[in-house]
There are 6 protein chains.
Amino acid sequence: MATVKLWSDAEAEADPRVSAVFADIRATRGSDFINNFWRGLAHDAGLLERTWTTLKTVMGPGTLDPLTKELVYIAVSIANGCPYCIHSHTAAARTKGLTAAQHGEFLAVVGMANQTNALVNGLQIPIDSAFRVEDTP
Amino acid sequence: MATVKLWSDAEAEADPRVSAVFADIRATRGSDFINNFWRGLAHDAGLLERTWTTLKTVMGPGTLDPLTKELVYIAVSIANGCPYCIHSHTAAARTKGLTAAQHGEFLAVVGMANQTNALVNGLQIPIDSAFRVEDTP
Amino acid sequence: MATVKLWSDAEAEADPRVSAVFADIRATRGSDFINNFWRGLAHDAGLLERTWTTLKTVMGPGTLDPLTKELVYIAVSIANGCPYCIHSHTAAARTKGLTAAQHGEFLAVVGMANQTNALVNGLQIPIDSAFRVEDTP
Amino acid sequence: MATVKLWSDAEAEADPRVSAVFADIRATRGSDFINNFWRGLAHDAGLLERTWTTLKTVMGPGTLDPLTKELVYIAVSIANGCPYCIHSHTAAARTKGLTAAQHGEFLAVVGMANQTNALVNGLQIPIDSAFRVEDTP
Amino acid sequence: MATVKLWSDAEAEADPRVSAVFADIRATRGSDFINNFWRGLAHDAGLLERTWTTLKTVMGPGTLDPLTKELVYIAVSIANGCPYCIHSHTAAARTKGLTAAQHGEFLAVVGMANQTNALVNGLQIPIDSAFRVEDTP
Amino acid sequence: MATVKLWSDAEAEADPRVSAVFADIRATRGSDFINNFWRGLAHDAGLLERTWTTLKTVMGPGTLDPLTKELVYIAVSIANGCPYCIHSHTAAARTKGLTAAQHGEFLAVVGMANQTNALVNGLQIPIDSAFRVEDTP
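About the criteria used
- Residues numbered from 1 in each chain as written.
- Chains lettered and ligands numbered in written order.
- Predicted model: local features only at pLDDT ≥ 70, side-chain atom pairs only at ≥ 80, totals over all residues.
- Heavy atoms only, no water.
- Helix = DSSP H or I, 4+ residues; strand = E, 2+ residues; numbered from the N terminus.
- Rg over C-alpha atoms; globule rule 2.2 N^0.38 Å.
- Buried < 20%, exposed > 50% of the residue type's maximum accessible area, 1.4 Å probe, protein only.
- Areas by Shrake-Rupley, 256 points an atom, 1.4 Å probe, with all protein chains shown as cover.
- Lys, Arg positive; Asp, Glu negative; His and termini not counted.
- Charge placed at Lys NZ, Arg CZ, Asp CG, Glu CD.
- Contact = heavy atoms within 4.5 Å.
- Buried area = accessible area lost by both parts, 1.4 Å probe.
- Salt bridge = Lys/Arg side-chain N within 4 Å of Asp/Glu carboxyl O.
- Least-squares fit on C-alpha atoms with pLDDT ≥ 70 in both.
- Domains from an automatic or database assignment.
- Phe/Tyr/Trp six-rings, centres within 6.5 Å; stacked < 30°, edge-to-face > 60°.
- Polar contact = N/O pair within 3.5 Å; in protein donor to acceptor, adjacent residues only side chain to side chain.
- Disulfide = S-S within 2.5 Å.
- Expected span 1.5 Å × (residues − 1).
- Axes fitted to C-alpha atoms, helices over the stretch in contact; angles between N-to-C directions.
- Parallel < 35°, antiparallel > 145°, perpendicular 65-115°, else oblique.
- Left-handed = near helix turned anticlockwise from the far one by under 90°.
- Nonpolar A, V, L, I, M, F, W, Y, C, P; charged D, E, K, R; others polar.

Under an unreviewed UniProt entry, the name given to chain A is Carboxymuconolactone decarboxylase family protein, and the source organism is Methylobacterium longum.

**Student:** An account of the overall build of chain A is requested, with residue identities and associated values reported.
**Tutor:** Looking only at helices and strands, chain A has seven helices and zero strands in total. The helix and strand sequence of chain A, counted from the amino end, reads α-α-α-α-α-α-α. A compact globule built from 137 residues would reach a C-alpha radius of gyration of about 14 Å, whereas chain A, at 19 Å, exceeds it by more than 25%. For the C-alpha atoms alone, the extent of chain A along its principal axes is close to 60 × 45 × 35 Å. Evaluated residue by residue, chain A yields a buried proportion of 61% over its 137 residues. For chain A, the computed accessible surface area is about 4800 Å², with 56% contributed by carbon and sulfur atoms. Charge-centre separation for chain A: the mean point of 11 positive side chains lies 4 Å from the mean point of 14 negative side chains.

**Student:** Could you give an account of the interface of chain F and chain E, naming the residues involved and the relevant values?
**Tutor:** Each partner contributes to the interface: chain F provides 66 residues, whereas chain E provides 66 residues. In total, about 5800 Å² of surface goes out of reach between chain F and chain E, with carbon and sulfur atoms giving 72% of it. Run the count over chain F and chain E and you get two salt bridges. Glu105(E) serves as the salt-bridge partner of Lys69(F), at 2.5 Å between the closest nitrogen and oxygen.

**Student:** Now, about the relation of the copies chain C and chain D: what can you tell me, with residues and values included?
**Tutor:** In the superposition of chain C on chain D (RMSD 0.0 Å, axial shift 0.0 Å), the rotation amounts to 180°. Taken together, the turn and the small shift mark the pair as related by a two-fold rotation axis. Comparing contact sets, 100% of the residues at the interface of chain C also lie at the interface in chain D, consistent with an isologous, same-surface contact.

**Student:** Describe the domain arrangement of chain A, with residues and values.
**Tutor:** One frequently used descriptor of interface size is the decrease in accessible area upon assembly of the parts. Residues and elements named next belong to chain A. Looking at the assigned domains, one finds that chain A contains domain 1 (1-60) and domain 2 (62-123). In this structure, domain 1 and domain 2 have C-alpha centres spaced 25 Å apart. If you look at the interface, domain 1 gives seven residues, while domain 2 gives five residues. Of the roughly 500 Å² buried where domain 1 meets domain 2, counting both sides, 55% is carbon and sulfur surface. For domain 1, the biggest contributors to the area lost against domain 2 are Leu55, Met59 and Gly60; these three give 71% of the whole.

**Student:** How would you summarise the packing of aromatic side chains if you had to cite specific residues and measurements?
**Tutor:** In the structure shown here, the tally under the stated rule is 24 aromatic pairs over all chains. Each ring, one from Phe37(E) and one from Trp38(E), has its centre 4.9 Å from the other, and the planes form 55°; the classification is tilted. A residue is classified by how much of its surface remains accessible, and Phe37(E), at 6% relative accessible area, is buried. By way of ring pairs, the aromatic residues Phe33(A), Tyr84(A) and Phe131(B) are connected into one cluster.

**Student:** Describe the relation of the copies chain F and chain E, listing the residues and the values that go with them.
**Tutor:** Mapping chain F onto chain E calls for a screw motion: a turn of 180° about the axis and a shift of 0.0 Å along it, with 0.0 Å RMSD after fitting. Here 100% of the interface residues in chain F have copies in chain E that are interface residues too; the copies meet face to matching face.

**Student:** With reference to specific residues and values, describe the interface of chain C and chain D.
**Tutor:** Counting residues at the interface gives 66 residues for chain C and 66 residues for chain D. Counting the surface lost from both chain C and chain D, the interface buries some 5900 Å², and carbon and sulfur atoms represent 72% of this. Where chain C meets chain D, there are two salt bridges. The tally of links from chain C across to chain D stands at 29 residue pairs in polar contact (both at pLDDT 80 or more). Counting only elements with at least two residues in the side of chain C that touches chain D, the list comes to helix H3 (36-41), helix H4 (45-58), helix H5 (66-80), helix H6 (83-95) and helix H7 (100-123) of chain C. Of the residues forming the side of chain C that touches chain D, the biggest block, 17 residues, is contributed by H7(C).

**Student:** Can you break down the state of the cysteines residue by residue, with the values?
**Tutor:** Residue and element names in this part refer to chain B. According to the stated counting rule, one finds six disulfides over all chains in the structure shown. Each sulfur of the disulfide joining Cys82 and Cys85 lies 2.1 Å from the other. Every disulfide takes its handedness from the sign of the S-S torsion; for Cys82 and Cys85 that torsion is 50°, giving right-handed. By relative accessible area, which is 0% here, Cys82 ends up buried. Cys85 gets classed as buried once you look at its relative accessible area, which sits at 3%.

**Student:** Can you lay out helix H4 (residues 45-59) of chain D for me, pointing to particular residues and giving the numbers?
**Tutor:** Look at H4(D): 21 Å from first C-alpha to last across 15 residues, which is about the 21 Å you get at 1.5 Å a residue. Three or more residues of H4(D) are buried, namely Ala45(D), Gly46(D), Leu47(D), Leu48(D), Thr51(D), Trp52(D), Thr54(D), Leu55(D), Val58(D) and Met59(D). Buried residues along H4(D) sit against helix H4 (45-59) of chain A, helix H7 (100-123) of chain B, H7 of chain C together with helix H2 (16-29), helix H3 (36-41) and helix H5 (66-80) of chain D.

**Student:** Tell me what's going on with H7(B), and back it up with residues and numbers.
**Tutor:** Residue and element names in this part refer to chain B. The end-to-end C-alpha separation of H7 is 35 Å, in line with the 34 Å expected for 24 residues at 1.5 Å each. Across the 24 residues that make up H7, a large majority, 22, are buried. The first or second residue beyond H7 is Gln124, which carries a positive phi of 50°.

**Student:** Which residues make up unusual backbone geometry, and what values go with them?
**Tutor:** Here Gln124(D), not a glycine, exhibits a phi torsion of approximately 50°, which is positive. Tracing the chain through its elements places Gln124(D) in the segment after helix H7 (100-123).

**Student:** Explain the side chain of Glu105(C) to me, and be specific about the residues and the numbers.
**Tutor:** Position of Glu105(C) relative to the elements: it lies in helix H7. Overall, Glu105(C) belongs to the buried group, its relative accessible area being 11%. Discounting residues that sit within four places of it in the chain, Glu105(C) has contacts with Asp44(A), Gly60(D), Gly62(D), Thr63(D), Leu64(D) and Lys69(D).

**Student:** Any details on the environment of Val133(E)? Residues and values, ideally.
**Tutor:** Here Val133(E) is to be found in the segment after helix H7 (100-123). The contacts of Val133(E), once residues within four sequence positions are left out, are Met1(B), Ala2(B), Thr3(B), Val4(B), Lys5(B) and Arg94(F).

**Student:** A description of the packing of H5(C) against H6(C) should follow, citing residues and the corresponding values.
**Tutor:** Residues and elements named next belong to chain C. Contact geometry of H5 with H6 gives a least axis separation of 9 Å together with a crossing angle of 165°. Classified by the angle between their axes, H5 and H6 sit roughly antiparallel to one another. The two elements H5 and H6 cross, and the hand of that crossing is left-handed. Only Cys85, Ile86, His89, Thr90, Ala92 and Ala93 of H6 make contact with H5, whose side of the interface consists of Leu67, Glu70, Tyr73, Ile74, Ser77 and Ile78. Partitioned by chemical class, the residues of the contact of H5 with H6 number eight nonpolar, three polar and one charged.

**Student:** Quick one: what's the story with the pattern of salt bridges, residue by residue and with numbers?
**Tutor:** All names here are of chain A. Scanning all chains against the criterion turns up 48 salt bridges over all chains. Here Arg39 and Asp9 are joined by a salt bridge, their closest N and O atoms 3.0 Å apart. Of the two residues, Arg39 is situated in helix H3 (residues 36-41) and Asp9 in helix H1 (residues 9-13); the sequence distance between them amounts to 30 residues. Members of the salt-bridge network, linked through shared partners, are Asp9, Arg26, Asp32 and Arg39.

**Student:** An account of the side chain of Thr54(F) is needed here, citing residue identities and associated values.
**Tutor:** Turning to its location among the elements, Thr54(F) is positioned in helix H4 (residues 45-59). Using a relative accessible area of 13% as the deciding quantity, one classes Thr54(F) as buried.

**Student:** Please set out the environment of Thr28(B) residue by residue, giving values where relevant.
**Tutor:** Residue and element names in this part refer to chain B. The residue Thr28 is located in helix H2 (residues 16-29) in this model. By relative accessible area, which is 41% here, Thr28 ends up partly exposed. Excluding residues that lie within four positions of it along the chain, Thr28 makes contacts with Trp52 and Lys56. Within the structure, Thr28 has its side chain in polar contact with the backbone oxygen of Asp24 (distance 2.6 Å).

Right, here's the structure in full:
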């Protein structure tokens, strides 16, 4: 259950700003399916618009391939413990070509990163000067 | 500062198990540099051996390209708040070809994922049945 | 399901310390309803007493208004990924006057904070001297 | 140290998009000071523009008072362990009127939320039906 | 639901590497029961083998008693918000002798640690020199 | 640097409530040393009193041995990324007898827990019915 009511298509159609976002999601994805995340965000048209616009830009064409971006998205969602996000982006990654072998290898990297993050934090390892970037303006 | 003393090369050489791991790190990377993480783990030869062996396997050749793996590693390290890990793996990603444009795009994806994770958690969005995988044995 | 059995009213009444806390919760809130959190804590009367006493003090009258405190509570619960806490404190915030517009605006702030936290961590931004407070004793 | 070089004013002025954002930050805040976060983001003009535009909207006038928004921002930053964010938003909260008494009370709420989040997670408390919202579309 | 199908015993038997791990889990634990975690990992025989081998070593006999190790495991799982891990390791801790009184006391420590972590992060307390270890190699 | 000024002994002595807590810390620990955490909390006498009183109770004699409690405390602090807490409680654990071998073994358990937490979250493993406790009141 959500902390808000999810908007139905009928409710979305009655609000021009929400309706426009839903239409753009459908056009962009070439599918009639609107997942629950957007139906929950519909309560705040501004938040819905900003979130969709930014997501579309950030996950759209760029210098990283689409599957890599989905894997980065899932990695963050696992670390943050967001079941919905893990499910939706794992499904998206499969649509973008994720194989079973890649999924296993990806999970191994995520598991390893979480393990060594903990070891480094537990040992409070100081940063090697070799990793330093000149950063002063 | 660390919570343990970091091992010098001289100390590592005096312990055959630690010495063997340090030698394999150098051979695998083709560099004499041993970063502080391994010098901190050297206190527990078993933990050092297991961590290095697994890391070598997990980050070695597979079905995902090396840069993608580094980006996944950094994404997890950002979510977990591990400064050392972020610095060392950002340096490693640059060695593996990360460009400034890709770095910016990667950070945008990580930022977006953290934002939508929070929105989903705040709204407690229920998982769409479309994302479900048949999972019962 | 919980990792412990939740205490019924009958079980609580049989233990004078638990019974006293349940009575004070009811009196303080002006409601007969005891939510599951307290029924789970009832296994350890000392922990139940300390948690309730501190919560009553911390969330009671002070220099911040009650709704602000609930929003801070929900923000932490979202970042920590605690579904129960998000539901119970969102319900409490509504009781204290949270409107739908405020809820959307609050979620936008939480989402923005999580996003910029990730960007700052990814970039490892050094703290500006302008933010420093004289802190030495 | 950062994982990227922070942009100086001279570097920012040489890039019209970055320069425009820096000018808007200065105009909006009525101060010449540009904190390091924006100097780090300047490497990716698109990310800089989107982040500033959204932050300006989200933290701008709305239905929640400015101090409440800063406290929510700090609460998230504490839970995520972002030292830079904690320092910069605590400084901002003071500018918006945060008193020492309010700061202590705020920290007590944050501490309490983190404590009860852990207790609830450890006990895996099921959500009371009283907290449920009708959510099906 | 999982993001992958969980392997049945019949499926595991058809893969010699998975079958060997399942047999070792059964022999080590003296029980026919294979919990869902291993059935999910079975998709990647290498990840399954490495995870089981390391877990068996790490949680096996050493210098810390078995119950202490389980409590440390649960504490991490609570902080990371992993419901499955909390349930499975709380069950394991009970098998290793955890009493109801110890469970309550453990949760009080976990709650306290989360609370003071938040207070320390919020205040950004500098590390006392008394806690420093000589760490330079 | 902290977000507040740390209180000197002279400042603490001028406030009877803070002074009483500092005196009790010294008496309880049999040492004149007051670490920075308490000097930061001193700004809010109520928060200082509640935190010290609860800590003294929770970390005091009970059904778990003192070293186990410190290890649980450090495990949480590692997962939450609190450098100060990791340093102060690792120092405290050493005072309570933590050996180098135990420290290594402890870190291996923490690392393993973080790794499997991530694998479980990534796979979204459903909870085995064998782990369920009857929980309805």
